[in-house]
Each structure stands twice: as C-alpha cells, then as structure tokens.
Amino acid sequence: MTEQRGAEQQGSFPRRDAEGRVRTLGDLLGVCLAGLVIGVLALVLFEWAFSSFGAGDFGHTNGWLAVILPAWLFWDDFRAWGFGAARVVAALVAAAVGVLVGLLVAGLGAGLPLLLSGALAAAAFTVAYAAIWFPGVRWLARRTG
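Residues numbered from 1 in each chain as written. Predicted model: local features only at pLDDT ≥ 70, side-chain atom pairs only at ≥ 80, totals over all residues. Heavy atoms only, no water.

Engineer: Would you mind going over the overall build of the chain with me for this structure?
Structural biologist: Tallying secondary structure elements over the chain gives five helices and zero strands in all. Ordered by position from N to C terminus, the α and β elements of the chain give α-α-α-α-α. Within the chain, buried positions represent 35% of all 145 residues. Taking the contacts inside the chain whose residues are at least 6 apart along the sequence as the reference set, 69% of them involve residues at least 24 apart. With an accessible surface of roughly 8,600 Å², the chain has 71% of that area assigned to carbon and sulfur atoms. (Helix = DSSP H or I, 4+ residues; strand = E, 2+ residues; numbered from the N terminus. Buried < 20%, exposed > 50% of the residue type's maximum accessible area, 1.4 Å probe, protein only. Contact = heavy atoms within 4.5 Å. Areas by Shrake-Rupley, 256 points an atom, 1.4 Å probe, with all protein chains shown as cover.)

Engineer: Honestly, the confidence of the model for the chain in this entry has me stumped. Any pointers?
Structural biologist: Detail in the predicted coordinates should be disregarded across regions flagged by low pLDDT. Averaged over every residue, the pLDDT of the chain is 82; the share at 70 or more is 88%. Averaged pLDDT values for the elements of the chain fall to 50 in helix H1 (residues 2-11) and rise to 91 in helix H4 (residues 85-108). Across residues 4-9, confidence stays below pLDDT 50; counting only partners more than four residues off in sequence or on other chains, it has five contacts. (pLDDT = per-residue confidence, 0-100.)

Engineer: Whenever I open this one, the nonpolar core confuses me. Can you help?
Structural biologist: One broad rule of soluble globular proteins: the nonpolar side chains tend to lie buried together. Membership of the largest hydrophobic core comes to 24 residues, with the highest contact counts inside it found for Leu 28, Phe 74, Tyr 129 and Trp 133. When residues of this core are traced back to their parent elements, those giving at least two are helix H2 (25-52), helix H3 (68-80), H4 and helix H5 (114-144). For this core, the element with the most residues is H5, which contributes nine residues. Those residues in contact with Phe 74 that sit more than four places away from it in its chain are Leu 28, Cys 32, Phe 125, Thr 126, Tyr 129 and Ala 130. (Core = buried A, V, L, I, M, F, W, Y, C linked by side-chain atoms within 4.5 Å.)

Engineer: What should I look at first to understand H2 in this one?
Structural biologist: An α-helical turn contains 3.6 residues, so any two residues separated by three or four positions project in the same direction. Across its 28 residues, H2 extends 40 Å between first and last C-alpha, which sits within 8% of the 40 Å expected from 1.5 Å per residue. Those residues of H2 that sit buried are Asp 27, Leu 28, Cys 32, Gly 35, Leu 36, Gly 39, Leu 43 and Glu 47. Next to the buried residues of H2 lie H3 and H5. In the stretch just after H2, Gly 54 is the one whose phi turns positive, near 80 degrees. (Expected span 1.5 Å × (residues − 1).)

Engineer: Mind showing me how you'd approach the pattern of salt bridges here?
Structural biologist: When the charged atoms of two side chains lie near each other, side chains of opposite charge can form a pair. Per the counting criterion, the structure on display carries one salt bridge. Across the salt bridge formed by Asp 76 and Arg 79, the nearest N and O atoms sit 3.3 Å from each other. Linking Asp 76 with Arg 79, this pair stays in helix H3, spanning three residues, or about one helical turn. Asp 76 sits in the partly exposed class, given a relative accessible area of 24%. (Salt bridge = Lys/Arg side-chain N within 4 Å of Asp/Glu carboxyl O.)

Engineer: In this structure, what is going on with the packing of aromatic side chains? I would like to understand it.
Structural biologist: The geometry of an aromatic ring pair comes down to the distance between the two centres and the angle between the two planes. Counted according to the given criterion, the structure contains six aromatic pairs. Aromatic ring contacts, followed pair by pair, group Trp 64, Phe 74, Trp 75, Phe 78, Phe 125, Tyr 129 and Trp 133 into a single cluster. One residue, Arg 87, lies across the ring of Phe 78, its end atom 4.1 Å from the ring centre. Its end group placed over the ring of Phe 134, Arg 138 keeps NZ or CZ at 3.6 Å from the ring centre. (Phe/Tyr/Trp six-rings, centres within 6.5 Å; stacked < 30°, edge-to-face > 60°. Lys NZ or Arg CZ within 6 Å of the ring centre and 35° of its normal.)

Engineer: Explain the packing of H2 against H3 to me, please; I cannot follow it from the model alone.
Structural biologist: Helices that pack against each other are described as a pair by the angle of their axes relative to one another and the distance between those axes. The interhelical angle for the contact between H2 and H3, taken along N-to-C directions, is 150 degrees, at an axis separation of 7 Å. Counting all contacts with H2, which are made through Leu 28, Val 31, Cys 32, Gly 35, Leu 36 and Ile 38, the residues of H3 involved are Leu 69, Pro 70, Leu 73 and Phe 74. (Axes fitted to C-alpha atoms, helices over the stretch in contact; angles between N-to-C directions.)

Engineer: Got a minute to help me understand the side chain of Asp 27 in this structure?
Structural biologist: Considering the arrangement of structural elements, one finds Asp 27 in helix H2. Of the residues examined, Asp 27 reaches a relative accessible area of 4% and is grouped as buried.

Engineer: Just to check I follow, could you spell out the side chain of Asp 77 for this structure?
Structural biologist: Mapped onto the elements, Asp 77 comes out in helix H3. With residues near it in sequence (within four places) discarded, Asp 77 still touches Gly 20, Arg 21, Val 22 and Trp 133.

Spelled out as structure tokens, the structure:
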C-alpha cells in the first residue's frame, strides 16, 4: 500500500514529496495560477448568467473570490507540513505580504470593474503568497529542526 501511495504522488500534479508537500515552487505556482484562472472563469460565468437574468450589471462581483482554489492548495500544503511553528510563521508572513500586494494592485486598478481589479489583486496575492511561503517554510523548518 505504501508503494501504491508513493506511485500516486509521483504521478500526480503538483508533484509532492513523501509527506505530501509540494516539491517545487513551479508546481505550486502553476497549480495556483491554473486554479485562479478557473476561479475567474467561474466568476465570469456567474456574472454573465446573473446579468442575463437582469439580476445586476456585469462586472460587479468582487474578483477576490477567484482566490478560493489557490487558497485551498495553500491550506493543503500548510497541513502537509505538520505541527510546528515554522509553518505558522511562514503562513502568517506570506499572508500579510500577499494581502498587502493584493491591496496595492487593487488600489492601482481602482478605476476598473470590481471583477477585473479583484481578479488582478487575487493573482498578485497568489504569486506573492507562493513566493514567500514556499522558500520561507523550508528555510524556517531547517532552522527550527
């Protein structure tokens, strides 16, 4: 059974180590950005459906909702690191930086429709979080043992 689990993790994407942690930053970013695109497309579909029924104007949904799938992957990777301060500190720092970067991008796109400015902010958050989380948790885990 252990051999089967190892084979499943090697053949899956994102590639994961024996503990279930994402192996490379490229895998993390690739899956997160794919999830973000799926989230944006789902929001566009819902916006189109609601606006075609006359339930509002197109583009007024907050695009930050597109971050749901990337956040799910971040949570899954967080859980794979097991109990310890390294994962909590790395997640808090990555979240703070990600939210700050996302809010800056949202502020720069203030004249755009909410769906577009929020989607851009969610993309900025996703990239910033992954760029801080991935090396940060590994560095802290090595430092704390």
